[in-house]
Amino acid sequence: MPVRHYPTLHNYVEANRRTTPEYDDVALELLEGALPPDLVGTLLRNGNGHFEQHGVRYDHLFDGDGMVARFVFDGQAVRYRNRYVRTDEFVAEEQAGRMLYRSFGTNLPGGLRANFLKTKFKNTANTSLVQHGGQLLALWEGGLPHALDPATLATRGRFDYGGVLRNPFSWLDRRITPELPFSAHPKVHPTTGVLHNFGTVAGTQHRLVLYEVSPAGEARLAHALPMPEATFAHDFVLTESGHQIFFLTPVAFDVLRAFAGLTSPAASIKVNTAQPTQIIVVAPDGTVHRLHTEFGFAFHFVNGFQDADGTLVADALLLGNYPNSAAIKAYLSGHLPDDQPQARFVRFRLDLAAGTVARQSLSDCEGELPEIHPAHTGRPYRYAWTIGRPSGHPLPLLDHLLKLDVQTGEVRHAYAPDTLCSEPVVVPRRAPNGRPEPAEDDGYLAYLRYSAPDDATDLIVADAADLRLLARLRLPHHIPLGFHGMWQPGY
Ligand SMILES: [Fe+2]
């Protein structure tokens, strides 16, 4: 299958090899349209701030030091600030002026001699953010969160919830994984306000651990479920009914090879498409159900809920295979094979009583980085917004913005030539006092868009209903599009 070179992707990657400067609350220039006066609040995004550090190109898209970008909307203008997360590893590398740590997908230069038994990996703190329990946290699924000062974005330090994220298992387990990982996709229950999250912990016994954090910020380790392999799991589903759904696909780290330094953790991943995916459901009473379905890997779930008949619904962006490290390295040189596997919208219906799993395709489109109306998390919903590729579009680059009606399958898409978009964060319109709630798609999308001809990044505000561009503002310096962000009303 031919591998195609994408100039827009190539320009994007090359531009972001350079380290992005930090800015202090600069006003962004409005280039197009007008800011909606009722769009008042703060957009926070996290992502890899650069694709190269101290002369070493990262081999994997998930590497690179976390950089948090903040955009404050006051209804008339937008002010922008960005800060790298000062992890211990970031600070040490800045002081040394060279790469000191292995990371998820990149070993140190120098082959096995430089990496042998180097078991200390960089916590990049680059994947997402959550504001809960009085803390603003930068998250990375392989280790501890980092607490940030919400006013300045300065790094306060590693955050372990008063010791709850210290490994409580055996002495040897503590040697292997001293700190429990806290995934980058926590979910806040829509009525209790409890934050639920998980981590996959490598050890003498690999475990899936589940956490609960009260609205006041008191954390506890709620479950520790043994796993036969060091399974790679990135996201999960929390329903309003209190069910937590995990897909444990046979995509697992070879911990010994990775720890020994023979490969990066990402390159150690073993994939067995002949094996089924195990679906673990933790019911609100703590009962653990195990169901099985044929192989399928999901980085992200769109949403999930309990249907009126009691069935659990989990909507995934499902890949038929796991993208190997070689494909991701090719992506970082601006290339994609024509048969690049991309994720499709698939609905899983789980019948716990019967132990059965049914699948239904929601669309022929391909997508990633899904967003929904935040009040519908864990509840029935209608719309999803993603970056993606419309049905019939010939090339596998996810360079469109999609809106999918999961009830009818109807898709809208938007595209601007020679650009790439970030995850579109949904900002619902608020109901005026006493008025009925606005429609689920009545609101705005806020996202970043890299323009290759301009070698610049723009902040875009679009209409969530029809994807029409409402405002385009230029950042003072191009930045990577990042992974995940959040919207906070007010500023
Ligand atoms: Fe993610």
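Cut-offs and rules
Residues numbered from 1 in each chain as written. Predicted model: local features only at pLDDT ≥ 70, side-chain atom pairs only at ≥ 80, totals over all residues. Heavy atoms only, no water. UniProt positions renumbered as here; feature names shortened; annotations may be inferred. Phe/Tyr/Trp six-rings, centres within 6.5 Å; stacked < 30°, edge-to-face > 60°. Buried < 20%, exposed > 50% of the residue type's maximum accessible area, 1.4 Å probe, protein only. Helix = DSSP H or I, 4+ residues; strand = E, 2+ residues; numbered from the N terminus. Polar contact = N/O pair within 3.5 Å; in protein donor to acceptor, adjacent residues only side chain to side chain. Contact = heavy atoms within 4.5 Å. Donors = N, O, S within 2.8 Å, 3.2 Å for Na, K, Ca; no water. Tetrahedral: all angles 85-135°; square planar, octahedral: opposite > 155°, others 65-115°. Arc of directions from axis to C-beta. Pairing = 2+ DSSP bridges. Core = buried A, V, L, I, M, F, W, Y, C linked by side-chain atoms within 4.5 Å. Salt bridge = Lys/Arg side-chain N within 4 Å of Asp/Glu carboxyl O. Patch = residues over 30% accessible without salt bridge, like charges linked within 9 Å, V, L, I, M, F, W, Y side chains within 5 Å. Areas by Shrake-Rupley, 256 points an atom, 1.4 Å probe, with all protein chains shown as cover.

Named according to an unreviewed UniProt entry, the protein is All-trans-8'-apo-beta-carotenal 15,15'-oxygenase originating from Hymenobacter caeli. You can read under Cofactor (unreviewed entry) in the UniProt record for the protein the words "Fe(2+)". What the UniProt record of the protein gives under Sequence similarities (unreviewed entry) is the line "Belongs to the carotenoid oxygenase family."

S.K.: Explanation requested: the packing of aromatic side chains in the structure shown.
M.R.: Going through the model one piece at a time under the given rule, you end up with 29 aromatic pairs. Ring plane angle 25° and centroid distance 5.2 Å describe the contact between phenylalanine 71 and tyrosine 80, whose orientation is recorded as stacked. Like phenylalanine 71, the residue tyrosine 80 is buried in the burial classification. Considering the side-chain rings of phenylalanine 299 and tyrosine 322, the 5.8 Å spacing of their centres and the 45° angle between planes classify their relative orientation as tilted. Residue phenylalanine 299 is found in strand β24 (residues 297-306), and its partner tyrosine 322 is found in the loop between β25 (312-319) and α6 (325-331); the two are separated by 23 residues along the sequence.

S.K.: What am I meant to see in the side chain of histidine 400 here?
M.R.: Mapped onto the fold, histidine 400 is located in strand β30 (residues 400-405). Reaching out from histidine 400, the side chain makes a polar contact with the side chain of aspartate 399 at a distance of 2.9 Å. Apart from residues lying up to four places away in sequence, histidine 400 is in contact with Thr386, Ile387, Gly388, Pro390, His393, His413, Ala414 and Tyr415.

S.K.: How should I be thinking about the coordination of the iron ion in this particular structure?
M.R.: In a perfect tetrahedron of four donors around a metal, the angles come out at 109.5 degrees. In a perfect octahedron of six, they are 90 or 180 degrees. The protein atoms that coordinate the iron ion are His185 (NE2), His234 (NE2), His300 (NE2) and His484 (NE2), at distances spanning 2.1 Å. Considering all four donor atoms around the iron ion, the spread of angles at the metal, 91 to 159°, places the coordination shape in the irregular class. Sequence spacing of the donor residues for the iron ion, all on one chain, is H-x48-H-x65-H-x183-H. Residue histidine 300 is found in strand β24, and its partner histidine 484 is found in strand β37 (residues 484-489); the two are separated by 184 residues along the sequence. A relative accessible area of 6% means that histidine 300 is categorised as buried.

S.K.: Looking at this model, I keep getting lost on helix α1 (residues 7-15). Mind explaining?
M.R.: Thr8, Leu9, Tyr12, Val13 and Ala15 are the residues of α1 that are buried. Around the axis of α1, the buried residues are gathered within 165° of arc, so they sit on the same side. Looking at the buried positions of α1, the neighbouring elements they touch are β6 (56-57), α6, β26 (335-337), β32 (419-421) and β34 (443-451).

S.K.: Would you mind showing me how to read the sheet that holds strand β14 (residues 195-201) here?
M.R.: In sheet architecture, strand pairing relies on hydrogen bonds along the backbone and comes in two forms, parallel and antiparallel. The four strands lie next to each other as β13-β14-β15-β16, forming an open sheet whose pairing is antiparallel. Of all strands in the sheet, those with a lone pairing partner are β13 (187-188) and β16 (219-227), marking the two edges. Where strand β15 (residues 206-213) and β16 come together, eight bridges link them in antiparallel fashion. What sits directly across from valine 213, in β16, is alanine 219.

S.K.: Can you help me understand the nonpolar core in this one?
M.R.: Considering soluble globular proteins, one finds that nonpolar side chains tend to be buried as a cluster. Judged by nonpolar contacts, the single largest core of 39 residues is most densely connected at Phe71, Phe73 and Leu459. Listing elements by their share of this core, those giving two or more residues are α1, β7 (66-74), β8 (78-84), β33 (425-428), β34, β35 (456-463) and β36 (469-474). Not counting chain neighbours up to four residues away, the residues in contact with leucine 459 comprise Leu28, Leu43, Phe71, Phe73, Val78, Tyr447, Leu448, Ala471, Arg472, Leu473 and Leu475. Among the nonpolar cores identified, the runner-up in size contains 28 residues, and Ala230, Cys365, Leu402 and Val406 belong to it.

S.K.: Looking at this structure, I do not really get the pattern of salt bridges. What am I missing?
M.R.: Where charged atoms from two side chains of opposite charge approach closely, those side chains can pair. For the coordinates displayed, the defined rule picks out 36 salt bridges. Here arginine 17 and glutamate 14 are joined by a salt bridge, their closest N and O atoms 2.9 Å apart. One salt-bridge network, held together by shared partners, links Glu32, Asp454, Asp458, Arg472 and Arg474.

S.K.: When you look at a nonpolar patch on the surface in this model, what are you seeing that I'm missing?
M.R.: Residues Leu112, Phe116, Leu117 and Leu262 make up a contiguous nonpolar surface patch of roughly 400 Å² in combined accessible area. Along the polypeptide, phenylalanine 116 turns up in the loop between α3 (111-115) and β9 (128-132). On the basis of relative accessibility, which here comes to 49%, the residue phenylalanine 116 falls in the partly exposed class.

S.K.: Just to check I follow, could you spell out the sheet that holds strand β22 (residues 277-282) for this structure?
M.R.: Strand order in the open sheet formed by four strands is β18-β19-β22-β23, and the pairing between neighbours is antiparallel. A single partner strand is all that each edge strand has here, and the edge strands are β18 (237-238) and β23 (288-293). As paired strands, β18 and strand β19 (residues 244-248) are joined by two bridges and run antiparallel to one another. If you follow leucine 238 over to β19, its bridge partner there is glutamine 244.

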